[in-house]
Amino acid sequence: MQATQTREGKRAKPAAARPKLPKGVFPRAVRYLFRYKWEAALPYLFLLIATLAQLAVPRLIRNMIEAVTQGVVATQVLEGLQNIPSAFMAQALPRILEFLNYTPGTTQEQLVTQLTVDKVSAPEALIRAGIFIVVFAVLRGLFAFLQSYWAERNSQSVSFDMRNELYAKIQRLSFSYHDQNQTGQLMIRATDDVEKVRLFLGQGLVQLVGAVVLLSATLLILFTTNVQLALVTLWILPVALALFFIFGSISQPLFMKLQVRLAALNTILQENLAGIKVVKAFTREKSEQRKFGESVNTLMDEQIRIARIFTFLFPLVFLVANLGQATTLNAGGQQIIAGTLSLGEWQEFSLYLIYLFIPLAQFGFIISQFGQAMASAGRIFEILDAKSDVTDKPGALALPQVKGEVHFEDVTFRYFGGGEPVLDGVSFTALPGQTVALLGATGSGKTTIINLIPRFYDPSEGRVTVDGHDLRDVTLESLRAQIGIVLQETTLFSGNIRDNIAFGKPEATQAEVEAAAKAAAAHEFIMSFPQGYETSVGERGTTLSGGQKQRIAIARALLLNPRILILDDSTSSVDLQTESHIQAALDQLMQGRTSFVIAQRISTVINADQILVMDKGKIVASGKHAQLLEDNEIYAEIYNSQLVGDSDAPKDAA
Amino acid sequence: MFNTRALLDQEALKPKKTSETLGRLAAYFKPFWYALLLAGTFVIIATWAQVTTPELTGQIVDCYLTPAAAASFGGGAGGQSPIVGAAGEAAQSNCWLASDAEPANTTQRIIKGAFTLANFQAPADPANLTNAERITGLGQLIAILIVLFVIGSFLTGLTFFSMSWAGQHVLRDVRAQLFSHMHSLPIGYYAENEVGDLMSRITNDSDTIQQAMSFALVNVVSGVLLLVWIAYNMLTKNVQFALLSMAIAPLMAIATIWFSEQARKAFRKTRVEMGSVNANLQESISAVRESQAFNRAEENIEHFRATNAANRDANVRAVAFTSALAPVLEALSYLALAIVTVAGGLALLNGSTLGGAVVSIGLVITFLGYVQRFNQPIQQIAVLWGNIQSAVAGAERIFGLLDVVPSIQDKPNAKVMGAIEGKVELDNVSAEYKPGEPVLRNVNFYANPGQTVAIVGPTGAGKTTIINLIPRFYDVTGGSVKIDGTDVRDVTQESLRQQIGIVLQDTFLFSTTVMENIRFGRPQATDEEVIAAAKLAHADGFIERLPEKYNTVLGERGSGLSQGQRQLLAIARAALADPRILILDEATSSVDTRTERLIQSALEKLLAGRTSFVIAHRLSTIRNADVILVLKAGEIIERGKHAELLEKQGFYYDLYMSQFKKQEEMAG
């Protein structure tokens, strides 16, 4: 996959670099949250409470500062009043009243009473406001926690659902889909892509809503408390947004370039690790190191180029935020000097200004997260929406127990619905219990024939029937339950040997499993392991040889006791002795079943009831061995070059 | 020999010292010390600018704003202010910017210097300024504040750049070193370690280090610097007030450590669960065809659902801790804010003293600024500390790999192997992968220049081991392998392997053009030579039919080509290298008849005139061999030509007959 990336990277034209997102991806992704109804609403409810609690804090701080200023002023004025000689009092009183914003005409006694109340109540007011702050802080903390916890929890539920759906879909997609898609790519969708969507739904989306709420609420407060001050400081808003936009558009192509370089580096690395023996065998270490060195260097240059951009972006953004504060200081300070603003209001304002900036800083981050998440969601939905070519048709019946007559009726098959036919008008009948050997060069259509019988693919034209039932009229499960398959490459699953043999029939008893293993000539080697059938195999377990794996596969097919058997009889990379064991097991397996064999061995061909000689998608000859050898040239050629070429040896020896 | 497993065990057992790892990591930064020095200088200046900001805000209040409030109602016409209370006095005494006040520290000296430099007028008597003078003064202080902002911001940016620059260079060096080291490790290492794991050490782990070292480290350092500096400033201004303001800090530290620890434990569990999810996905996607063939989809989906649910639950548990840390720290920081305001306010109300020291409104505002700046780095350090920890873990994994001593190395005085004739001799050779479990026992044989040696025997008999010993992919544990009489351990690996061509069972192709893939055998070969080799290997035919012929780019592992075609490319590659000695592991996978014949003919041409060792699966190869070695359980039990061996009616005869017995019966 990495290799493909690099090549695409080289070819990609800059204009085509960013594909447009298909419509409806975002609502569809969000709908996954809606499945959790009120649980999905919880984080947003908590968010609202937490934001409100947060918004109260600057107001409380202002109250505290005002309580203090009022108290201080009251104390000072009271002291001052005592110092003013009574002769000057009449002259001084209106001035003091004006400064304190008292109604003119208030008497000295009234003033003193009021100021004494102010002075005495100030510490209490201060402490009360302090306690309120603590209460609000606790509220804020509690609800911020609940909000974040529930958002994460919901997002985990979403990713759980998405992964399950993906998995189920992948399990059911037909062979032709898997032919076109690599394991690695499907893996990445079920892991990385799901995680990116989850991150956005769990954090980004809540943050986005939170940021919008905080921003608009703060703007509202700023404008209602002090329009003049709000107007002079709010220029930072568009400036910061413009900055984000400019830098975003500059850095985006650089990041893409970085990805291409990274993919190139990974390709070299991966190939050198996987192909280490070749590298060493041809002593190419130095030149590969040089190549890697160049790649690492270009990657570094790209990284430094990006760092250079951010060297200017971050300071500028922070500078803009700080300049906002400086403007508030200046304009607010002037208002204080002019007497139209109190110190408390001024502090309150500058605290709210911080709230204005927090969402601003978040937006840039959330937007990039959003872009990634939606691209990932698009890739996920692409799989979920993929149409499986082979599905049960509505009202499909279960295939009853079959005798095993398989009939191909003028079958034509094209991969991916186009191009040259791989099978071209193939017709033949296999009677119950017959062995059909398929012969022909690579690409002649042998594998396609055996893939059509369990309905891994559907014919493009014509039909395949079993006991007269068109395969498309019966359920996949009931069809495949009656077909046993032994492929050339056997995959073992993590688990023990027993589970691997019982793969197609998990409810099989130990006795049944052992009987199948014995018939497949596998029992002996299985018992030679200390843990016998409990020996764990697969990725982290014991490694079995190719021949041992193949015998497990034969046992697996035997256990199903299928009426129809499909097998690829080539036994690759096993030694001669093992091969004879396997041969015996296979003969046992084919006994009395309708069998289709991609034949590599002379014995199979000679024993077959029917040999189909394939060439370029057509059956060019069919019949029994002796008859074909006599009157068919292609068969004679295949027989001589592939099979007979080795078989005249024993005659030499004898 | 083959002692990498033992080395790995040692690696796992060795106690890891974080300081040791960090020290080793630091060594990589040594060549870029000037970038670090610059970053350090920038950080100090930027932090100073940050610490000074609250102080200037305090000055604005104390020099221009508080006296304004006091004077606006107190000042009679030209008369002395009748009402100048304690707060006013405190404010005035706190206005160190006033022209008659002595600067108490360097910061104050610098600001005053800046004032003089800018030709600004410091207030002579803060209490008696006209409003116009106050507005001018306010503007002047804010101008200085803006200069500080600019300095702080851009130096922070430059710090980031210097660290990124150094970090990226270190990343490059670490990666290049890892890559070269990887090449020096013997094949045996790769048999025992997963490619994916090695990949992730070179890409992810080194990247984690880079990020932690250029981002996290510099932020932690500047955070700590900021904390210490602010603490110092607060303490010098007012000890009691300072202690009150910092009272919450230890709580924050404890909360951070506790929650991080819990989260770390919880996340360890999630990594295990995610690993299971990945393994399950990997296995079932790659074997999806079998699952469908055996009707296993429903069981698999159920099984995956369970694995997936375990992963979700582990994550939800972990999230409880991660979700709590930020809100707790935030709540604590509000608490600190409340303490400063209440304590400062009460002090102002009670005659402007706290613990005997003068408190002004400006000072309270300064402290408010400090506390806000104090909390931020604590929260930041909490997050970044996690990054640094994972970087140390990454570094340990990297050093673990770098510390694996290649078990096969050139001797210090290894000679360069010159042109050879191609006589190969195994002299009483023993070999073992695990101590005490010999794979080869006392193997003796020699091949004269130009001879073909076929090696046959059951799986596990030691065939592959023999051919791995000749190019010294492994070392013998007893005896010696000699080429033209020279022990392979006495010459450089490079010069040895240049004499040897290898065609492996599974052909490895690189994702580059067909031309480059063949040229891999001899980089300096011309296009014409490459094409000639392709023709010799009968690969020319199918290459010409590829969309872009020799310039067709091959996919991952040569996808797009059939097995047989890939084998032909491997033969072309070996033919181009034109070695004296050839090693061949015959591929057994089925190819169609025509290709099979092409391969046989190509191999015959390739073997001609070279000393060849073939793990034989083709009868034609066996019959044409000059000598056949029959291996069983690590020993050569029979040797000779095909006909001689058959006559002996020994093990070879059995091996041979088991394959062809049936055929004979048919023929008979």
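Residues numbered from 1 in each chain as written. Chains lettered and ligands numbered in written order. Predicted model: local features only at pLDDT ≥ 70, side-chain atom pairs only at ≥ 80, totals over all residues.

*Asks:* What is the right way to look at the overall build of chain A in this model?
*Replies:* Looking only at helices and strands, chain A features 23 helices and twelve strands. Out of the 654 residues in chain A, the part that is buried amounts to 43%. (Helix = DSSP H or I, 4+ residues; strand = E, 2+ residues; numbered from the N terminus. Buried ≥ 20, exposed ≤ 12 C-beta atoms within 10 Å, placed from the backbone.)

*Asks:* I tried to follow the overall build of chain B on my own but got confused; where do I start?
*Replies:* A count of helical and extended segments in chain B gives 23 helices and twelve strands. Restricting to contacts in chain B with at least 6 residues of sequence separation, those with at least 24 account for 79%. (Contact = placed C-beta atoms within 7 Å.)

*Asks:* Sorry, what's going on with the confidence of the model for chain B here?
*Replies:* When pLDDT is low, close inspection of the predicted coordinates is not appropriate. Residue and element names in this part refer to chain B. Chain-level statistics for chain B give a pLDDT mean of 77 and a share of 86% at 70 or above. Long-range and interchain partners of residues 1-15, a stretch whose pLDDT sits below 50, account for 21 contacts in this model, where long-range means more than four residues apart. Contacts for the low-pLDDT stretch residues 660-668, under 50 throughout, to residues beyond four places or in other chains number eleven contacts. Reported confidences for the modelled complex are a pTM of 0.71 and an ipTM of 0.75. (pLDDT = per-residue confidence, 0-100.)

*Asks:* Got a minute to help me understand the interface of chain B and chain A in this structure?
*Replies:* Put simply, an interface is often sized by how much accessible area is lost when its parts join up. Each partner contributes to the interface: chain B provides 135 residues, whereas chain A provides 141 residues. The element best represented in the side of chain B that touches chain A is helix α12 (residues 297-349) of chain B, accounting for 29 residues. Of the residues assigned to the side of chain B that touches chain A, the class counts are 74 nonpolar, 40 polar and 21 charged. (Nonpolar A, V, L, I, M, F, W, Y, C, P; charged D, E, K, R; others polar.)

*Asks:* Explanation requested: the packing of helix α11 (residues 285-338) of chain A against helix α6 (residues 131-184) of chain B in the structure shown.
*Replies:* Helix-helix packing is characterised by the crossing angle of the two axes and by the distance between the axes. Viewed as axis vectors pointing N to C, α11 of chain A and α6 of chain B meet at an angle of 165°, and their least axial separation amounts to 8 Å. Taken together, the axis directions place α11 of chain A and α6 of chain B in an arrangement best described as roughly antiparallel. Of the two elements, α11 of chain A crosses α6 of chain B, and the hand of that crossing is right-handed. When grouped by side-chain class, the residues that make up the contact of α11 of chain A with α6 of chain B number 31 nonpolar, 19 polar and five charged. (Axes fitted to C-alpha atoms, helices over the stretch in contact; angles between N-to-C directions. Parallel < 35°, antiparallel > 145°, perpendicular 65-115°, else oblique. Left-handed = near helix turned anticlockwise from the far one by under 90°.)

*Asks:* Can you help me understand the sheet that holds strand β5 (residues 469-470) of chain A in this one?
*Replies:* Strands belonging to one sheet form pairs held by backbone hydrogen bonds; the direction of such a pair is parallel or antiparallel. Residue and element names in this part refer to chain A. Reading across from one edge, β2-β1-β4-β5 is the order of the four strands in this open sheet, with antiparallel pairing throughout. The strands lining the two open edges of the sheet, one partner per strand, are β2 (423-430) and β5. Here strand β1 (residues 406-413) runs beside strand β4 (residues 461-466); their pairing, made up of five bridges, is antiparallel. In the sheet register, T412 faces β4, and the bridge partner there is E461. (Pairing = 2+ DSSP bridges.)

*Asks:* I keep staring at the environment of Y370 of chain B and nothing clicks. Help me out?
*Replies:* All names here are of chain B. Along the chain, the position of Y370 falls in helix α13 (residues 361-402). Between the C-alpha atoms of Y370 and L226, which are 144 residues apart in sequence, the distance is 10.0 Å. Leaving out residues up to four positions away in the same chain, Y370 has contacts with P54, I230, N233, M234 and S245.

*Asks:* What exactly am I supposed to notice about the sheet that holds strand β9 (residues 581-585) of chain B here?
*Replies:* Residues and elements named next belong to chain B. Taken in spatial order, the six strands line up as β8-β9-β10-β5-β11-β12 in an open sheet, and their pairing is mixed. Edge positions in the sheet fall to β8 (500-503) and β12 (635-640), since each of these pairs with one other strand and no more. In this sheet, adjacent strand axes meet at a mean angle of 20° when their direction is disregarded.

*Asks:* Whenever I open this one, the nonpolar core confuses me. Can you help?
*Replies:* Counting 347 residues, the largest nonpolar core has L438 of chain A together with I455, I571 and A572 of chain B as the members making the most contacts within it. With 21 residues, α12 of chain B is the largest single contributor of residues to this core. Ignoring anything within four residues of it in the chain, the contact list for L438 of chain A reads K446, I449, F596, V597, I598, A599, L612 and M614 of chain A. (Core = buried A, V, L, I, M, F, W, Y, C linked by C-beta atoms within 7 Å.)

*Asks:* Could you clarify how one ought to interpret the confidence of the model for chain A in this entry?
*Replies:* All names here are of chain A. The predicted model of chain A has a mean per-residue pLDDT of 79, with 88% of residues at 70 or higher. The model gives residues 1-20 a pLDDT under 50, and that stretch makes 23 contacts with residues more than four places away or in other chains. With pLDDT under 50 throughout, residues 644-654 is counted as low confidence; its partners more than four residues away or in other chains account for 13 contacts.

*Asks:* Hey, could you run me through the pairing of strand β11 (residues 627-632) of chain B in this one?
*Replies:* Residues in a regular strand point their side chains to alternate faces of the sheet. All names here are of chain B. Pairing of strand β5 (residues 452-456) with β11 involves four bridges; the strand directions are parallel. Across the sheet, the residue bridging to A454 is I628, located in β11. Pairing geometry for β11 and β12, over five bridges, is antiparallel. Paired with L631 across the bridge in β12 is I636. Connecting the antiparallel pair β11 and β12 is a turn made up of two residues, with A633 showing a positive phi of about 45°.

*Asks:* Could you clarify how one ought to interpret the environment of P530 of chain A in this entry?
*Replies:* Here P530 of chain A lies in the loop between α17 (523-527) and β8 (536-537). Separated by 369 residues in sequence, P530 of chain A and D161 of chain A have C-alpha atoms that sit 41 Å apart.

*Asks:* When you look at α11 of chain A in this model, what are you seeing that I'm missing?
*Replies:* Because an α-helix packs 3.6 residues into every turn, residues spaced three or four apart end up facing the same way. Across its 54 residues, α11 of chain A extends 78 Å between first and last C-alpha, which sits within 8% of the 80 Å expected from 1.5 Å per residue. G339 of chain A sits one or two residues past α11 of chain A and shows a positive phi near 85°. (Expected span 1.5 Å × (residues − 1).)

*Asks:* What am I meant to see in the environment of L225 of chain B here?
*Replies:* All names here are of chain B. Within the fold, L225 resides in helix α8 (residues 195-237). On the neighbour-count criterion, L225 (19 C-beta atoms within 10 Å) is partly exposed. Separated by 181 residues in the primary sequence, L225 and I44 place their C-alpha atoms 7.8 Å from one another. Ignoring sequence-local partners within four residues, the contact set of L225 consists of V43 and T47.

*Asks:* Looking at this structure, how should I read the pairing of β5 of chain B?
*Replies:* All names here are of chain B. With respect to burial, β5 is a largely interior element, five of its five residues being buried. Of the strand pairs in this sheet, β5 and strand β10 (residues 611-615) are connected by four bridges, and their pairing is parallel. From the neighbouring strand, A454 faces β10, where its bridge partner is V614.

*Asks:* Would you explain unusual backbone geometry in this entry?
*Replies:* Negative phi is the rule for most residues except glycine; trans is the rule for most peptide bonds. Residue and element names in this part refer to chain A. In this structure, A521 takes a positive phi of about 60° despite not being glycine. Looking at the element boundaries, A521 is found in the loop between α16 (510-519) and α17. Residue class for A521 comes out buried when judged on the 21 C-beta atoms lying within 10 Å of it.

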